[in-house]
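Observations on chain architecture
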Amino acid sequence: MTGPSGKTGRLAFRNARLIDPASNLDVKGGLLVENGRIADIGPRLFNDADKNDPEIIDCRGLVLAPGLIDCRVFTGEPGSEHRETLHSASEAAAAGGVTTMVVMPNTDPVIDEPSLVDFILRRASATAKVRVAPMAALTRKLKGEVMTEMGLLMEAGAVAFTDGDQTVANARVMRRALSYAAGFGALVVGHAEDTDLVEGAAITESEFATRAGLPAAPAMAEVIIVERDLRLVELTGARYHFGQISTRAALDAIAKAKARGLPVTCGVSAHHLILNELDVGAYYTFRKVKPPLRCEADRAAMVEGVMSGVIDVIVSSHEPQGADTKRQPFASAAFGAVGLETLLPAALNLCHESGAALPHILNTLTASPARILGLAGGTLAKGAPADLVLLDENEPFVVDETKLSSRARNTAFEGRRFQGRAQKTFVGGECVFSRS
Amino acid sequence: MTSAKSGPLLPTGNLLGIEGLSASHVTGLLDLAETYVAQSRAPDKKTALLKGRTLINLFFEASTRTQSSFELAGKRLGADVLNMSVKTSSVSKGETLIDTAATLNAMRPDILVVRHQDSGAAELLSRKLDCSVVNAGDGAHEHPTQALLDALTIRRRRKSFEGLVVAICGDILHSRVARSNIRLLSMMGARVRLVAPRTLLPTGVDRLGVEIFTDMQAGLKDADIVMMLRLQLERMTGAFVPSAREYFRFFGLDREKLARARPGALVMHPGPMNRGVEISSDIADDLDVSLIAEQVEMGVAIRMAVLDALSRGFA
């Protein structure tokens, strides 16, 4: 993982609501940063400090939390820099309170070689404003045929192995890849859509799809692979994370597997928490995502899964597309929507509309992904990297695609009213975003 | 020539595997083989023990060292040796294994040495033939003379197997050498470790009385003997292992990994080696640690002992 090198000097926060899900901390107080790391934290820290001291940031009661870790970010670098670079994505991340982007290997070329992991880390170090943790491909060229050099890729800095939005269709290949990964203690991140069932489909099979006359695939295409992979995890003992799930059936299967003690975790995208299939409306291609939006019952199940803790992380599934790929008839348009800047607001929606506790939602964006991926951040503990977000969980705003920081503007939330977003973002104690 | 030991040297008229042998059988064969080491080092290496007997080497899989080792063993004991390889046999013309057995049986050999790609082939032939059958490797099942020659090589250097830590490293999944060695070494009191990527460890192998390691550095810690296995070329290109370079980095024997073993640890390999895949050249060629050439020499002696034992009949 890359990040700005630790800055010397001190930075102090006072009068904050400190929320650290990793240690169940939710208290008013202050925090001190030294040399890019958290040096001290406590309820009375800087209470009596001079309010006019320029070295001290008065948080005015806003929430100071660990910076967000977004476990599912597609960028266009290398290969599609016209859509998004590590730099432009990191601008969006900083504006969204995301201090670590976990980037997917679905680039051109595919990140399936140690030298390419090294390339990502070097480019990130040179150009990105936030930390970048690369996942490497699970199979060469994402073809689902030959496993990658997981040991060498881990040594190069890959934090997990995934074919991104591709499912490894061949169960034997998947079994061997999981088995091999288990020997290295590597995390495998799977995508659950039966390749043959979803081939050519644009949305979920339903009355809506029928009326729209769009090629569709059954929602069950997800649980078929979830069930298969859970059995393979049982067989191999590999650590497995479902990058994102979207259906009640998948949620139930994973809940059962967790109850049986299998080493599995899962994520959900902000899109599948907020939107359902009807939001596709009049062939609105910015809401064509992978997996496709589901029925309302499945969306409600995703919210329930986050509330109950069966779903471990919320991700943006940030996937930049341009006019060339999105201004197309729905069936021909590309999948994907950007989401780095709307991840936090969409997640906070669960607090406002579903009664979720703020620390619980922040946990899915900080401590939980850090634990799954073995990253150093995601906590306010002393000694941890000073990756922080200062957020106002109540500030209302309307998503305006023209104001997004990412190079690509294909948001699925255009015109949507949200409450709560990042005010300031710090990476290694350095301010990388401040809302004017 | 030693006189016959008190008990029978083999429990049956065949040698199909280490399975079925007892520790005393193994010890008896190793003792007998010692005399053939001496005989093979003498100027006149030949005796007439098997004079007039016919030995057929039937190899369905290509093999240089095992086939020539058996041929030499038979000839040094005075037997008539016939080599049949699959390319010249009628098996390639569609004959079944049973038909081949019946044909060979009619030629009245005394001993058939067989190597076959399928596990259980030697067993099948032994049921159809009147002569003694020696398994020279069947599929991923057993290769008993390899395990015996490995044991002889180890015993000449370490005197006793009791408590000896032997790390068998590499493609356990497809290896008959590993299976025979696990059986033999465990039976003789050695502590056997297996070191391999998970993809090359067969299911349930942990129930064979061995310790399993997927980290070679940990697996070699304090080992007395490091036994490397050959990784077949077709298995290092993705299906089981992602690449040869990754395999060598994590499971190939180099100086760094060998340094974890006990000082003076010895290295073995059944051959033929893939240098730079499972073993580095400097170790393979280092006569202070590598027993690889000695294994080949012990191979002839062990096979002479086995042929001798079979010619004596059985209990």
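Residues numbered from 1 in each chain as written. Chains lettered and ligands numbered in written order. Predicted model: local features only at pLDDT ≥ 70, side-chain atom pairs only at ≥ 80, totals over all residues. Heavy atoms only, no water.

**Examining the overall build of chain B**
Secondary structure summary: chain B contains eleven helices and nine strands in total. Relative to its length of 315 residues, chain B is compact, with a C-alpha radius of gyration of 19 Å against a globular reference of 20 Å. Each principal axis of the C-alpha atoms in chain B carries an extent, and together these give about 55 × 45 × 35 Å. Among the 315 residues that make up chain B, the fraction classed as buried is 56%. When the 39 basic and 35 acidic side-chain charges of chain B are each reduced to a single mean position, those positions are 2 Å apart. (Helix = DSSP H or I, 4+ residues; strand = E, 2+ residues; numbered from the N terminus. Rg over C-alpha atoms; globule rule 2.2 N^0.38 Å. Buried < 20%, exposed > 50% of the residue type's maximum accessible area, 1.4 Å probe, protein only. Lys, Arg positive; Asp, Glu negative; His and termini not counted. Charge placed at Lys NZ, Arg CZ, Asp CG, Glu CD.)

**Overview of the sheet that holds strand S5 (residues 165-169) of chain B**
Residue and element names in this part refer to chain B. Pairing is parallel across the open sheet formed by five strands, whose spatial order is S7-S6-S5-S8-S9. The two strands at the open ends of the sheet, each matched to only one other strand, are strand S7 (211-213) and strand S9 (266-268). Neighbouring strand axes in the sheet, compared pairwise and without regard to direction, differ in orientation by 20° on average. Where S5 lies against strand S6 (residues 191-195), five bridges are found, and the strand directions are parallel. Opposite Ala167, over in S6, you have Arg193 as the bridge partner. (Pairing = 2+ DSSP bridges. Axes fitted to C-alpha atoms, helices over the stretch in contact; angles between N-to-C directions.)

**Thoughts on helix H8 (residues 244-251) of chain B**
Along an α-helix, residues three or four positions apart point the same way, because every turn accommodates 3.6 residues. Among the residues of H8 of chain B, Glu246, Tyr247, Phe250 and Phe251 of chain B are the ones counted as buried. Taken down its axis, H8 of chain B places every buried residue within 100° of arc, on the same side. Contacts from the buried residues of H8 of chain B go to helix H3 (150-156) and helix H4 (171-184) of chain A together with S6, helix H7 (216-219), strand S8 (225-228) and helix H9 (255-258) of chain B. (Arc of directions from axis to C-beta. Contact = heavy atoms within 4.5 Å.)

**Comments concerning the nonpolar core**
Residues Met101, Phe242, Ile245 and Leu273 of chain A are the most contacted members of the largest nonpolar core, which totals 106 residues. Look past the residues within four positions of Ile245 of chain A in its chain and what remains in contact with it is Glu222, Ala250, Leu251, Ile254, Cys266, Gly267, Val268, Met302 and Ile311 of chain A. Listed in part, the 93 residues of the second largest apolar core include Val37, Val165, Ala178 and Ala309 of chain B. (Core = buried A, V, L, I, M, F, W, Y, C linked by side-chain atoms within 4.5 Å.)

**Section: empty space enclosed by the protein**
Residue and element names in this part refer to chain A. Applying the stated criterion across every chain yields a total of six cavities of 30 Å³ or more. Reported here for the largest cavity is a volume of approximately 70 Å³. Approximately 50 Å³ is the volume found for the second largest cavity. What lines the second largest cavity is simply Leu138, Thr162, Asp163, Gln166, Thr167, Val168, Met174, Val189, Gly190, His191, Asp229 and Tyr240. Taken together, the residues that form the lining of the second largest cavity break down as five nonpolar, five polar and two charged. (1 Å grid on protein atoms, 1.4 Å probe; cavity = no way out; pocket = protein on both sides within 12 Å on 5 of 7 lines; lining within 4 Å. Points joined across faces, edges and corners; volume = space filled by probe spheres on them. Nonpolar A, V, L, I, M, F, W, Y, C, P; charged D, E, K, R; others polar.)

**Overview of the layout of surface pockets**
The calculated volume of the largest pocket comes to roughly 750 Å³. Among the elements of the structure, helix H2 (65-76), helix H5 (144-158), helix H6 (176-187) and helix H11 (292-311) of chain B are those that each provide at least two residues to the lining of the largest pocket.

**Quick word on the side chain of His272 of chain A**
Residues and elements named next belong to chain A. Among the secondary structure elements, His272 is positioned in helix H9 (residues 270-274). Looking at His272, its side chain comes within polar contact range of the main-chain oxygen of Pro291, at 2.9 Å. Leave out the neighbours within four places in its chain, and His272 touches Gln244, Ser246, Val289, Pro291, Pro292, Leu293, Arg299 and Met302. (Polar contact = N/O pair within 3.5 Å; in protein donor to acceptor, adjacent residues only side chain to side chain.)

**What to know about a nonpolar patch on the surface**
Taken together, the side chains of Leu197, Met220 and Ile224 of chain A present a nonpolar region at the surface, about 270 Å² in accessible area. Tracing the backbone shows Ile224 of chain A in helix H7 (residues 220-236). (Patch = residues over 30% accessible without salt bridge, like charges linked within 9 Å, V, L, I, M, F, W, Y side chains within 5 Å. Areas by Shrake-Rupley, 256 points an atom, 1.4 Å probe, with all protein chains shown as cover. Salt bridge = Lys/Arg side-chain N within 4 Å of Asp/Glu carboxyl O.)

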